[in-house]
Amino acid sequence: MSGFNHFLLSLCIIGCIFCSSRAWHVRMPSNIKGLLGSCLVIPCSFDYHRWPPRRPDHVVWYQHVSHGYPLVYDKDHPGNVIDIFKGKTKRYGFTQSKTCSLKIDPVMLSHHRQKIYPWVDPDNVGRSTYRFFDTTVTIEVVETAEKPEIMFHGDMKVGQYVQVECSVYHTCPSNPPTLMLSSQTQSKEIIHTNTPDGTSRTTLKSKLLIEKDSQTVECSVKHHSGQRASTSKILNAKCSFSSLTITPTPPEYLEGHASKVTCTASYTCPQDVPVLTWNYKSMPASSDTKNSAAAQWSTVSTLTFTPSANDHGGSLTCYAIFSGGRTQVSIPLRIKRNMLSRGWSFTTPGSITGMRGSCIIIPCSFTYSNSQPADLPVIWYLYQNKRYLPVFAQTESSFSRFKGRTSLVGSVRDGNCSLKIERLEMSHNQNRIFPWVDKNPIASYHTADQSFSEMTTELIVSDQALAPHLSINAIPRVGEQNKVSCSVRHTCLSAPPTLTLNGKDGADVPVDTLTSDGIWQRTVEKTWTVQEADVSVNCAVRFHGGQTATNELRLNVECPYKEITMDEPPAETIEGVAKTVICSVTYTCKKNKPTITWNFEDMWSTSYTKPLLSNTYMTVSNLTFIGSLTDDGKPLTCTARFLTGETSKSATLHIKKYDKPVEERDLHENDGTRVLAADVPFRYNALTRSCVVIPCSFQGDELLTRGIWSKKTGGVVFHNGRSHVLDHFKDRTRLLGNLNEGNCSLEIDDIKPFDNGPFCFHAEKENEKYRFNNSCVFIVMKASPEKPVMTPVPAEVDAGSTISVSCSVSHTCPSHPPVFAWSVSNLTSEDTHTLTTQGVWKVTSTITFLVEGGDGVKSLTCTATFWRGKQQASTVKLNVKGSLMYQFRGSLPVSIPVSAVVLIIIILASVFGVFIWRKRKHTDDSLKPPPRPEKRRSLWDRLSRRYPEDRERPPRPEKRRSIWSRFSSRTEDGRVGWHERKPRKSFWDRFSRHQDNTVDLNVGYVNNSTAVNCGTHISKQRFPSPKGNRRPPHSGRPEV
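Residues numbered from 1 in each chain as written. Predicted model: local features only at pLDDT ≥ 70, side-chain atom pairs only at ≥ 80, totals over all residues. Heavy atoms only, no water.

Caption draft 1: Looking closely at the overall build of the chain. Summing up its helical and strand segments, the chain has five helices and 73 strands in all. Across the 1040 residues that make up the chain, the buried fraction comes to 39%. Long-range pairs, those at least 24 residues apart, make up 64% of the contacts in the chain between residues at least 6 apart in sequence. Within the structure as shown, the chain displays about 59,000 Å² of accessible surface, and the carbon and sulfur contribution to it stands at 51%. (Helix = DSSP H or I, 4+ residues; strand = E, 2+ residues; numbered from the N terminus. Buried < 20%, exposed > 50% of the residue type's maximum accessible area, 1.4 Å probe, protein only. Contact = heavy atoms within 4.5 Å. Areas by Shrake-Rupley, 256 points an atom, 1.4 Å probe, with all protein chains shown as cover.)

Caption draft 2: Structural context of the sheet that holds strand 28 (residues 351-355). An order of 28-36-35-31-32 is seen for the five strands of this open sheet, with the pairing classed as mixed. Every interior strand has two partners, whereas the edge strands, strand 28 and strand 32 (388-392), have only one. Mean inter-strand twist for the sheet, computed between neighbouring axes without regard to direction, equals 35 degrees. Where strand 28 meets strand 36 (residues 457-462), five bridges bridge the pair, whose relative direction is parallel. Note on strand 36: the bridge partner recorded for M355 is S462. (Pairing = 2+ DSSP bridges. Axes fitted to C-alpha atoms, helices over the stretch in contact; angles between N-to-C directions.)

Caption draft 3: Just unusual backbone geometry, in detail. In the segment running from D105 into P106, the intervening peptide bond is cis, with an omega of 0 degrees. For P106, the location among the structural elements is in the loop between strand 8 (102-104) and strand 9 (115-120). With an omega of 5 degrees, the peptide bond between G757 and P758 qualifies as cis. Structurally, P758 is set in the loop between strand 60 (746-748) and strand 61 (759-765). A positive phi angle, near 55 degrees, is found at D375, a position not held by glycine. When you line up the elements, D375 lands in the loop between strand 30 (365-368) and strand 31 (378-383). For D375, a relative accessible area of 72% corresponds to the exposed category. The backbone of C589 sits at a positive phi, close to 75 degrees, despite the residue not being glycine. Looking at where C589 falls in the secondary structure, it is placed in the loop between strand 46 (578-588) and strand 47 (595-598). On the basis of relative accessible area, C589 is assigned to the buried category, the value being 1%.

Caption draft 4: Quick look at the environment of S471. Note that S471 resides in strand 37 (residues 469-472). Distance from S471 to S485, taken between C-alpha atoms, is 5.5 Å for residues 14 residues apart in sequence.

Caption draft 5: Region of the structure containing the nonpolar core. By size, the foremost hydrophobic cluster in this structure holds 52 residues, and its most contacted members are W598, F625, I694, W709, F761, F772 and I779. Once you skip the residues sitting within four places of it in the chain, W598 turns out to touch M566, V581, I582, C583, S605, S621, L623, L636, T637 and C638. In this structure, I362, I379, L382 and M455 belong to the second largest nonpolar core, which totals 34 residues. (Core = buried A, V, L, I, M, F, W, Y, C linked by side-chain atoms within 4.5 Å.)

Caption draft 6: Representation of the side chain of Q114 within the structure. For Q114, the position within the fold is in the loop between strand 8 and strand 9. Side-chain polar atoms of Q114 contact the side chain of Q63, separated by 2.5 Å. When residues no more than four places from it in sequence are discounted, the contact partners of Q114 are Q63, I84, F85, V137, T138 and I139. (Polar contact = N/O pair within 3.5 Å; in protein donor to acceptor, adjacent residues only side chain to side chain.)

Caption draft 7: Structural detail: the state of the cysteines. Within the structure shown, the criterion is met by 14 disulfides. Paired by a disulfide, C39 and C172 hold their sulfur atoms 1.5 Å apart. With the S-S dihedral at roughly 105 degrees, the linkage between C39 and C172 falls on the right-handed side. In this pair, C39 sits in the loop between strand 2 (31-35) and strand 3 (40-42) while C172 sits in the loop between strand 12 (161-170) and strand 13 (178-181), placing the two residues 133 residues apart along the sequence. Take C172: its relative accessible area is 3%, and that puts it in the buried class. A sulfur-sulfur distance of 2.1 Å marks the disulfide that ties C263 to C318. Between C263 and C318, the S-S dihedral sits near -85 degrees, and the bridge is therefore left-handed. Separated by 55 residues along the polypeptide, C263 in strand 20 (residues 259-267) and C318 in strand 24 (residues 315-322) bring together distant segments of the chain. (Disulfide = S-S within 2.5 Å.)

Caption draft 8: Molecular detail of the pattern of salt bridges. In the structure shown here, the tally under the stated rule is 23 salt bridges. Across the pair K205 and E165 runs a salt bridge whose closest N-O atoms are separated by 3.7 Å. Here E165 lies in strand 12 and K205 lies in strand 15 (residues 200-209), a separation of 40 residues in the sequence. Assessed through its relative accessible area of 24%, K205 is described here as partly exposed. On the accessibility criterion, E165 (12% relative accessible area) is buried. The partner of R356 in a salt bridge is D463, with the nearest N and O atoms 2.7 Å apart. Within this pair, whereas R356 is found in the loop between strand 28 and strand 29 (360-362), its partner D463 is found in the loop between strand 36 and strand 37, the two being separated by 107 residues in sequence. (Salt bridge = Lys/Arg side-chain N within 4 Å of Asp/Glu carboxyl O.)

Caption draft 9: Quick peek at a nonpolar patch on the surface. A cluster of nonpolar residues, V898, V902 and I906, forms a patch on the protein surface that exposes about 250 Å² of accessible area. As for its placement among the helices and strands, I906 is situated in helix 2 (residues 883-921). Residue I906 is classed as partly exposed on the basis of its relative accessible area, which comes to 49%. (Patch = residues over 30% accessible without salt bridge, like charges linked within 9 Å, V, L, I, M, F, W, Y side chains within 5 Å.)

Caption draft 10: Representation of the side chain of T573 within the structure. The topology assignment puts T573 in strand 45 (residues 573-574). Classification of T573 as buried rests on a relative accessible area of 9%. When near neighbours in sequence (up to four residues on either side) are disregarded, T573 contacts K579, H654, I655 and K656.

Caption draft 11: How the structure looks around the sheet that holds strand 29. The antiparallel open sheet is built from three strands, whose spatial order is 29-34-33. Looking at strand neighbours, the two that pair on one side only are strand 29 and strand 33 (406-409), the edges of this open sheet. Neighbour-to-neighbour, the strand axes of the sheet open up by a mean angle of 25 degrees, direction not taken into account. Pairing geometry for strand 29 and strand 34 (residues 418-421), over three bridges, is antiparallel. For I361, the partnering residue across the bridge sits in strand 34 and is K420.

Caption draft 12: Structural context of the pairing of strand 67 (residues 826-837). Note that strand 67 and strand 68 (residues 840-850) share ten bridges and pair antiparallel. Bridge pairing in strand 68 places E830 opposite T846. Between strand 67 and strand 68, which pair antiparallel in sequence order, lie two residues; one of them, G839, sits at a positive phi of approximately 80 degrees.

Caption draft 13: Representation of the environment of L739 within the structure. Positionally, L739 belongs in the loop between strand 59 (733-735) and strand 60. Relative accessible area serves as the criterion here: at 10%, L739 is assigned to the buried category. The spatial distance from the C-alpha of L739 to the C-alpha of L703 is 7.5 Å, given a sequence separation of 36 residues. When neighbours within four sequence positions are excluded, L739 is seen to be in contact with F698, L704, T705, R706, G707, C744 and F761.

Caption draft 14: View of the packing of aromatic side chains. Counting across every chain of the model gives 32 aromatic pairs. Residues W24 and F132 carry aromatic rings whose centres are separated by 5.7 Å and whose planes lie at 75 degrees to one another, so their mutual orientation is edge-to-face. Of this pair, W24 sits in strand 1 (residues 24-27) while F132 is found in the loop between strand 9 and strand 10 (137-142), placing the two residues 108 residues apart along the sequence. W24 sits in the buried class, given a relative accessible area of 1%. What makes F132 buried here is its relative accessible area of 1%. An aromatic cluster is defined as three or more aromatic residues linked by ring pairs; in this entry it consists of W24, F46, Y48, Y62, Y69, Y117, W119, Y130, F132 and F133. The ring of Y48 carries K98 above its face, with NZ or CZ at 4.8 Å from the centroid. (Phe/Tyr/Trp six-rings, centres within 6.5 Å; stacked < 30°, edge-to-face > 60°. Lys NZ or Arg CZ within 6 Å of the ring centre and 35° of its normal.)

Caption draft 15: Main features of the pairing of strand 47. Side chains I596 and W598 of strand 47 all project onto a buried face; the interleaved residues T595 and T597 project onto a face where none is buried. With four bridges connecting them, strand 47 and strand 50 (residues 635-641) associate as antiparallel partners. Note on strand 50: the bridge partner recorded for T597 is T639.

Caption draft 16: How the structure looks around the environment of Y253. Structurally, the position occupied by Y253 is in strand 19 (residues 253-254). A C-alpha to C-alpha distance of 9.2 Å links Y253 and S308, two positions 55 residues apart in sequence. Residues contacting Y253, with those up to four places away along its chain left out, are P248, S259, V261, F305, P307, I331, L333, R334, I335 and K336.

So this is what it looks like as structure tokens:
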């Protein structure tokens, strides 16, 4: 019973300590930088919900050491402050409640790497309430000031104002640095902000006028210590070009009268001086360029314009050609016709087009140089060479073609002589008409040497309607409102055409506007909200003559998206500790789903998409970020890539090294367990998704029966009884060592990003529990495996040579080491495993390979595949030479035997050929003399066995002689005798046509008969010569 009471008492004590430690917390950065000679403010705040201090304003700072409490700051005992901080520390911001900030001024080199901590009301708040020394800050003294940062915001165009921001980070908010800009700026504003990592940011904002397309902006900072730093940034801006303007723009020009017209081009960059030209190139013009203001330049071209009657209805155009392209501006021309000496002039268009069956109004205005007579008659005539056929007259009938169709529009008193023609016919096409506004008849004015042809208006009648014009006022984007308009030109305001806009909801409300002389434009507009399914819009027009036309406009709807946002970007994280970072982007159109990527590989990320409103969606990407010390200061960027573009968001990483706590405490340290010594690294690296083997050993003679690994915050990671293990670690942990041998190593397979721990080892022996000092480990996660290291290779290698190379990589998973793969075929391969430091293994792959042919730079790649699939590769370059010689040497073992065989075959064939030729040449031909030399035989004929058609063939032997008989001394007819030996012929004589005609006398014995042949020309057959002059005859019996 006493043991159980002791156990309950221990639990109560632990609970009290745990609860009291959670009743307080102190917040301050774990590391902070201070500029040498400047001041340093360490932001600090505390809070509590139980056991409040009696003197909350009494804050003391101590130096963190193994033993004792050296003072850094104490208002009540300033003389006890250690020398390096004496007279340099004081509280900062003590007017605010629950603050413990400390100011150090000035910062000295002796403060570098000093670790200090605050203690609130140390006389009344003890370590049992809160362990203040567990929350420390390390001072890092830097000797050089950081450079400020410059940013530009606004429209980067020359002549425009942009906002310039120059900011610098520092740790002295009580005496912030001074920022200055080298350029002339306006509306300066200084802003001071605090960052979560304890630093302060001072920003200078001002407006800057961009005067050049490329100008340098410099920002300098001066700190409280007097140290300075500066930085510069080039501002690249676009040169702008304003629209051209033509002045003056009178309503009318008088025919034959010269006027001055100017065209002005305004621009911002002096190198963009344009070349101004006019469409009337034959008329004189001059140009002038000047600088009107800062970033304001202008070029003016002055034209002396003298119009003619044919210019009426045309346009006066000014062109500007500059380095960035070409632009132009035009004004319409209205030319008054000058009626010579009659004292009046009129204005009408040179031609006008109308639709068959519709009406047309020919605009006409006139003026008198003096006072206008009263009751002026207006007559319109059809232009003829010798006649004046009236088209319209108030006092006489009109020409039959126009009878009942013409009327005046407007008031003659107001100088209006416009004519309206109803129901146009094709017979009116190309008729030329002109007005006569005079009290005297036209016959009294017209003479033989004068003509009205230049003062007429040509009627053009068309029977084919032009397609209407469709346009939208902006790029159609899903979810936004847009306006579509359909317009067509006509000449009959009293009976305009009918426009119908299809594909969009709403009524068609037409609007007619006068665009030029006698030309009206009817427009129908509709406003709608753009949908993803919108493809096109159609417009149809129908005139009164029955003519129709349609037009279609493809919308090419765009799917807009917003800027991607990063929720809770990582401010300051500990190396190897996973942190979830979320990026989200909102967009329209289901088909425009983006792909969100991160700039860090081998890190686990998931994405999902959810609908928001109509045609609006959101894609979210969750990244499990694991930082390393090498990532400190780098940006973490998420990018959403759409079909039409991309958007990115970045945050600067601040990675802090994991430091061993001052005192490692296990939950079991006060439960009456026995304490032993263990050897476990306080930090250990592990590759996510792979495995990790945590080295653990202890000394002692105790025979332990159970080894247990648990999280320091609670929860069993490994236990012999599976039911005791947390679900998150079930079937992923095992004890590799033998406890009886003092080995307590733990393997965690398929390591997860958040399996950092710390994990602590303890053991049991039956009912007795054991605790170990230095038995806790913190796992620093690595998202990417280490890169393999290859041994150096020669700068140049010969093709066909043999090279040995090694590739090694470190890991912490000896139960499943990495596997190597090479990009070349190897002759030999060997893998070795070496334990380098406590629990860290190095696996080395050594191969010997043959360098293949092919001159040039080749790649040799070694790829290490870690447990569960993660890979890392390393590549070196080989400069291969001597491939041609290598190929020649490689072909020798095959080419030499083949060449020898071919040579032997050729020699044997030659010998056999000579042998056959000699045998054929000396064939017995004694019964037939050689051919007469009427015709010289060719070399082939001499060697061939074939005979020409004009030569007699030798008789075919009755029986072919055997090989033995050919070499025998017996004759073919069975005679045995001897022959007179002839001299051997030379090589040339054998082929010559001159043969010796000699008598060959053969005497021999014939079986049962004796024959003597005389005077017969017989050629001696070629037989082996006898060894003597005479050979005895062959002994044999005569045949019966």
